[in-house]
Structures are given as C-alpha cells and as structure tokens.
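Residues per chain, in single letters:
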Amino acid sequence: MKRPSFTFYIVFFSFLIYTERLQDFFGVVAVSLVIAFFLRRVIFERLLQKSTPANAAVLVTGCSSGFGHAFALRLVRRGFMVFAGVRRAEDGAALQAARPADDAARRLLVPLLLDVSSAADVEAAAATIEARLRVEGRTLYALVNNAGVHVPGPIETTSLDAVRAAFDVNVF
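Note that this is a predicted model, so its numbers are computed, not measured.

Summing up its helical and strand segments, the protein chain has seven helices and four strands in all. Put simply, the protein chain runs from its N terminus to its C terminus through helices and strands in the order α-α-β-α-β-α-α-β-α-β-α. Taken over 172 residues, the protein chain has a buried fraction of 30%. Of the contacts made within the protein chain by residues no fewer than 6 positions apart, 63% connect residues no fewer than 24 positions apart. Per element, the accessible surface of the protein chain, about 10,900 Å² overall, is 60% carbon and sulfur.

Along the chain, Thr61 falls in strand β1 (residues 56-61). Relative accessible area serves as the criterion here: at 5%, Thr61 is assigned to the buried category. At 3.0 Å, the side chain of Thr61 and the side chain of Asn145 are in polar contact. A distance of 2.8 Å separates a polar side-chain atom of Thr61 from the backbone nitrogen of Asn146. The residues touching Thr61, leaving out its near neighbours within four places in the chain, are Gly85, Leu114, Val116, Leu143, Val144, Asn145, Asn146 and Ala147.

With that settled, the discussion passes to the packing of aromatic side chains. The full count for this structure, using the stated rule, is two aromatic pairs. Taking the centre distance of 5.5 Å and the plane angle of 10° together, the rings of Phe67 and Phe71 count as stacked. With Phe67 and Phe71 both in helix α3 (residues 66-77), this residue pair falls four residues apart, about one helical turn. Judged by its relative accessible area of 28%, Phe67 is partly exposed. Taking relative accessible area as the criterion, Phe71 reaches 1% and is therefore assigned buried. With centroids separated by 5.7 Å and ring planes inclined at 40°, the aromatic side chains of Phe80 and Tyr141 adopt a geometry described as tilted. In this pair, Phe80 sits in the loop between α3 and β2 (81-86) while Tyr141 sits in strand β4 (residues 139-145), placing the two residues 61 residues apart along the sequence. Here Phe80 falls in the buried class, since its relative accessible area comes to 1%.

Right, let's talk about the pairing of β1 for a bit. Burial within β1 is extensive, with six of its six residues counted as buried. The pairing of β1 with β4 spans six bridges and is classified as parallel. Note that in β4 the partner of Val58 across the bridge is Ala142. Bridge count for β1 against β2 is four bridges, and the pairing is parallel. Its bridge partner being in β2, Val58 is matched across the sheet by Val82. At this point the chain moves from β1, through α3, to the parallel β2, and the crossover so formed is right-handed.

Here is what the cut-offs are and how they apply
- Residues numbered from 1 in each chain as written.
- Predicted model: local features only at pLDDT ≥ 70, side-chain atom pairs only at ≥ 80, totals over all residues.
- Heavy atoms only, no water.
- Helix = DSSP H or I, 4+ residues; strand = E, 2+ residues; numbered from the N terminus.
- Buried < 20%, exposed > 50% of the residue type's maximum accessible area, 1.4 Å probe, protein only.
- Contact = heavy atoms within 4.5 Å.
- Areas by Shrake-Rupley, 256 points an atom, 1.4 Å probe, with all protein chains shown as cover.
- Polar contact = N/O pair within 3.5 Å; in protein donor to acceptor, adjacent residues only side chain to side chain.
- Phe/Tyr/Trp six-rings, centres within 6.5 Å; stacked < 30°, edge-to-face > 60°.
- Pairing = 2+ DSSP bridges.
- Right-handed = clockwise from strand over helix to strand, strands pointing away.

So, in structure tokens, the structure goes:
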C-alpha cells in the first residue's frame, strides 16, 4: 500500500486546525504531528543517512527531555560531537548518564546550560562552543533548534507575559 503524501498530511491537519470545536485539542496535536513528520524526514532521513563527517559538531537545544534528549544521544552514537543545551544542571547530568559508556562518547557529548531566551546564556554558550571546537579541531555542522514551550489555552485568555515568554523561546 502506498503511503499518503506529505501534502495529504498538511491538508488533513490544516482542516483539523481550522475546525472551530476541535481547534484547541486537535490544533496542537496536528501541528505537533506535522512538525514531527517534517523533522523525521529532514533530520533522520537526510542528515543521518549521509556519512558522518569526521570533524562535525552539532548544537542541539532543548535536550532536557523528549526529542532533543533522544536526538542528542543518537548523534553521539553516530560519531558527532554534540553540544546539548539544557536548562538545568540535573538535566545535563541525566543526559550524561544516558550516553554510551565508552570514552569516545564521554568526549563527544557536551551538556551546556542554555536558556535560549537569555542573551547572556546564548553568548556564554557560543563562547564555550567556539573554544571547544578550536581545541578539538572540529567545525559546527548543524544547529537543531529544538527548545520550545507550550502555553495552553486560547491566546485571548492568556496573559501577555506568558505569550511573550513563549515567543522568546519558540520564535526569537
């Protein structure tokens, strides 16, 4: 049986998003599924199917849990040096504990305390990454901007501060 095309998914999920009664529930689910499908196709099928460059490094934000956590570990197993952005030191320790136990994996996974909405954190992470890349003789191959927050409810009833905080993380 032939798999449905990507256009079918977009049309189907767009219909669900614009259905008034189902917007809150299915809107979030539909957008999440479209994004997940796109990420799977672009990242897993294109980036990871190619041979891993010997000196490649990747910055992945939002590695505390979920997709970012799993993706960072998968990249390490594929031989990439991974700068894994986490918001808390405990999340970085959990990520290190989940990595493969060999010495190469310990050197390849670098957790960074990184709140993408904080300019100071972003500048500090950039300086750390630049210094580490210089020492390791590597180049930054990709950025996977996975960090994100969800603000539930209709935007009309959400406080301006909550919307600003979500935009700071998800958009800017």
